[in-house]
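# Results of the structural survey
Chain by chain, the residues:
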Amino acid sequence: MITYLTQQLNLPLVKASNILTNFAGTASLTPIIGALIADSFAAVIRYQLKLQLLMNMHDNLHCSSSYRPCDDLSFDTSRWIALWQGMICITISAVLPRFRPPSCPTQQNCKEASTLQLSALYVSLLLTSIGMGGTRPCVVTFAADQLDMSKSKTESRNWNFFNWYWFSMAFATLTALTVVVYIQDQTSWGWGLGLPTVSMGIAILAFLVGSPLYNKVKPGGSPLVRLAQVVVAAVKKRKAVAPANPGLLYENRELDASLSFNGRLLHTNQFKWIDQAAIVTEYDPKDSTSPNLWRLATVHRVEELKSIIRILPISAAGILLITATSHNQSFAIQQARSMDRHLSGSFEIPPASMAVFSVLTVLLGLTIYERLFVPIVRRFTGNPAGITCLQRMGIGLAFNILSTVVSVPVEIKRKAVATDYNLLNKPTFGIPISVFWLVPQYCLHGVSEVFYYVGHLEFLYDQSPESMRSTAMALYWITVSIGNYLGTFMVSLVHKYTGKEKNWLPDRNLNKGKLEYYYWLVSALQVLNLLYFVICSLYYTPKPLEEAINKEKADEDIVPDEVSSWGQNETNVNEELELARHGMV
């Protein structure tokens, strides 16, 4: 898209890059809304199907007849269809000449796209963002719900679901970066954007056809309401005396049954002030099996809140990572555009296709990680997964720092060659330096994905409360959203305060910029971020889970003599329980 914005709409580099990061930020912010709906009011699959079936195709007609397309979409309309509508709108804007300014092959004194022309782009990106809000937080948890993801089952498998999920995503990206980008660069943007649009329509149809076969998980009510109930109950009982024995805190398996299909959360000693919500006082009715949850919460619900609090600092490490790298892809594409991209006398690699090297590294890296790295490392660590999720994320952060640091000498070399051939003031002329100088930074970024991004998804799924997994996955996208917005802010500041003559990030001619300085800046930010992550990891407490491993056998509950009538009134659960701590550190 950076090529479309700079070459077709004639936007300055920084403005175009900021548009894309703002879009990425908005597209990553909407998933929290979709996740809350999926966890609260409908099963994940029912939510996706309902949104698809409630679409109004009439809105698509407006995309071709005016500059104000696709409006009046209520929250209940299809998010997937909204995404599809956004793709249809941007495809139409790429086909019709009135949506683009005059061509500017010299990239000097270019006429930028007008406000009306940009409105079609903004509406398309907005619809796409809305659509992503319904799919991003649900797709991982929905796919995982089709499998038995209990600890005993995942440890017995010789493959990791999250590795293969990311592998399939990378394979799809590879197709986009080769076939689609080549069509965009060599044929036309109409065909290049139309092909993914048609593919999206086919994907929606396939999803609907396969819907009767899917495993549908029953929602457990609004997660935000439950968390608020725990906080309110803890505040109301802030002066109550907590029992010395945590076993005296209120538990109700029947009440928590819909929230703990694979097992209940066990009590931890961290954040003890939240335990106040589970204290049974004389004002609580002794014989009630349906307590006032705004006054009394179960241990499981208390631990849900604790789990969310614990994962927030870990997940927040992704904010600075995205802030530091959000614009790197756009700048690398502009670097590639100025370099020698010929594989033969007649074939040139499209600049955006350079990301293929990152994707190929991901595909190869995930295979090596699962088939070689894990079996070897597991012999030394004793961990069935080889290393913990936190260790995996830390390694990924380190590789991402290397990726940015390696970019510095490459940019210095590129500009040195441009100087030697007197091309600094000729941004449209190709610099006689091979584009393959950029390959190392792309490959290192791919290695970072293998470790950090996959590890982050697995961490959120494993350590979040069972009934809040879609919401927890949305935390991943919230970090991406905040990181992109901060990235836009940082790039804007750099562009504004580094002067006009020696601006680090010039609008039109990257050859006269100081991109290497920007890379040093983001490298320093990532080093600080890695230190923050290590500190948070050292103090992290894993989620303790009482895991159900056999639902056919009866369980005999052992109730201590001093347990109050609250505990004695619990219904015995027909399952054999195993205490299993999910060790993450």
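Definitions and limits used
- Residues numbered from 1 in each chain as written.
- Predicted model: local features only at pLDDT ≥ 70, side-chain atom pairs only at ≥ 80, totals over all residues.
- Heavy atoms only, no water.
- Helix = DSSP H or I, 4+ residues; strand = E, 2+ residues; numbered from the N terminus.
- Buried < 20%, exposed > 50% of the residue type's maximum accessible area, 1.4 Å probe, protein only.
- Contact = heavy atoms within 4.5 Å.
- Axes fitted to C-alpha atoms, helices over the stretch in contact; angles between N-to-C directions.
- Parallel < 35°, antiparallel > 145°, perpendicular 65-115°, else oblique.
- Left-handed = near helix turned anticlockwise from the far one by under 90°.
- Nonpolar A, V, L, I, M, F, W, Y, C, P; charged D, E, K, R; others polar.
- pLDDT = per-residue confidence, 0-100.
- Bend = angle between axes of the 7 residues up to and from the residue.
- Core = buried A, V, L, I, M, F, W, Y, C linked by side-chain atoms within 4.5 Å.
- Phe/Tyr/Trp six-rings, centres within 6.5 Å; stacked < 30°, edge-to-face > 60°.
- Lys NZ or Arg CZ within 6 Å of the ring centre and 35° of its normal.
- Pairing = 2+ DSSP bridges.

## Overview of the overall build of the protein
If you tally the helices and strands in the protein, you get 20 helices and five strands. In the protein, which comprises 585 residues, the share counted as buried stands at 53%. Counted over contacts in the protein with a minimum sequence separation of 6, partners at least 24 positions apart contribute 81%.

## A few points about the packing of helix H13 (residues 299-325) against helix H17 (residues 439-463)
In contact at an axis separation of 11 Å, H13 and H17 are set at 165° when each is read in the N-to-C sense. Taken as axis vectors, H13 and H17 run roughly antiparallel relative to one another. Handedness of the H13/H17 crossing: left-handed. On the side of H13, the interface is formed by Ser307, Ile311, Ile314, Ser315, Ala317, Gly318, Leu321 and Ile322, while H17 contributes Tyr452, Tyr453, His456, Phe459, Leu460 and Gln463. Residues that form the contact of H13 with H17 fall into these classes: nine nonpolar, five polar and no charged.

## Digging into the confidence of the model for the protein
On average, residues of the protein score 77 in pLDDT, and 78% of them reach the 70 mark or higher. Below a pLDDT of 50 lies the segment residues 38-77, which in the model reaches 102 contacts outside its immediate sequence neighbourhood of four places, other chains included. Here residues 549-585 scores under 50 on pLDDT; set against residues more than four positions off or in separate chains, the count is 90 contacts.

## Some remarks on helix H15 (residues 356-381)
In H15, a bend of some 45° at Tyr369 exceeds every other bend along the element. Turning to H15, its buried residues are Val356, Ser358, Val359, Thr361, Val362, Leu363, Gly365, Leu366, Tyr369, Glu370, Val374 and Val377. Contacts from the buried residues of H15 go to helix H9 (161-186), helix H16 (389-420) and H17. Count one or two residues on from H15 and you reach Gly382, which has phi positive near 75°.

## Quick notes on the nonpolar core
Within the largest apolar cluster, 115 residues are counted, with the highest numbers of intra-cluster contacts made by Leu5, Trp166, Phe459 and Tyr518. At eleven residues, H17 tops the list of elements feeding residues into this core.

## Let's talk about the packing of aromatic side chains
Taken as a whole and judged by the stated rule, the model has eleven aromatic pairs. Plain terms: the ring middles of Phe373 and Phe451 are 5.9 Å apart, the flat faces sit at 90° to each other, and that makes the pair edge-to-face. Of this pair, Phe373 sits in helix H15 while Phe451 sits in helix H17, placing them 78 residues apart in sequence. Accessibility expressed as a relative area gives 25% for Phe373, which makes it partly exposed. Ring geometry for Tyr452 against Tyr453: centres 5.4 Å apart, planes inclined by 85°, an arrangement best described as edge-to-face. The class of Tyr453 is buried, set by a relative accessible area of 9%. Here the aromatic residues Tyr369, Phe373, Phe399 and Phe451 are joined through ring pairs into a cluster of three or more. Positioned above the aromatic ring of Tyr369 is the side chain of Arg392, whose terminal nitrogen or guanidinium carbon lies 3.9 Å from the ring centre.

## Notes on the pairing of strand S3 (residues 431-434)
Only one face of S3 is covered, namely the one carrying Ile431 and Ile433; the face carrying Pro432 and Ser434 has none of its residues buried. As defined by bridge partners, strand S2 (residues 339-340) adjoins S3 across two bridges and the pair is classed as parallel. Within S3, the position partnered with Asp340 by the bridge is Ser434.

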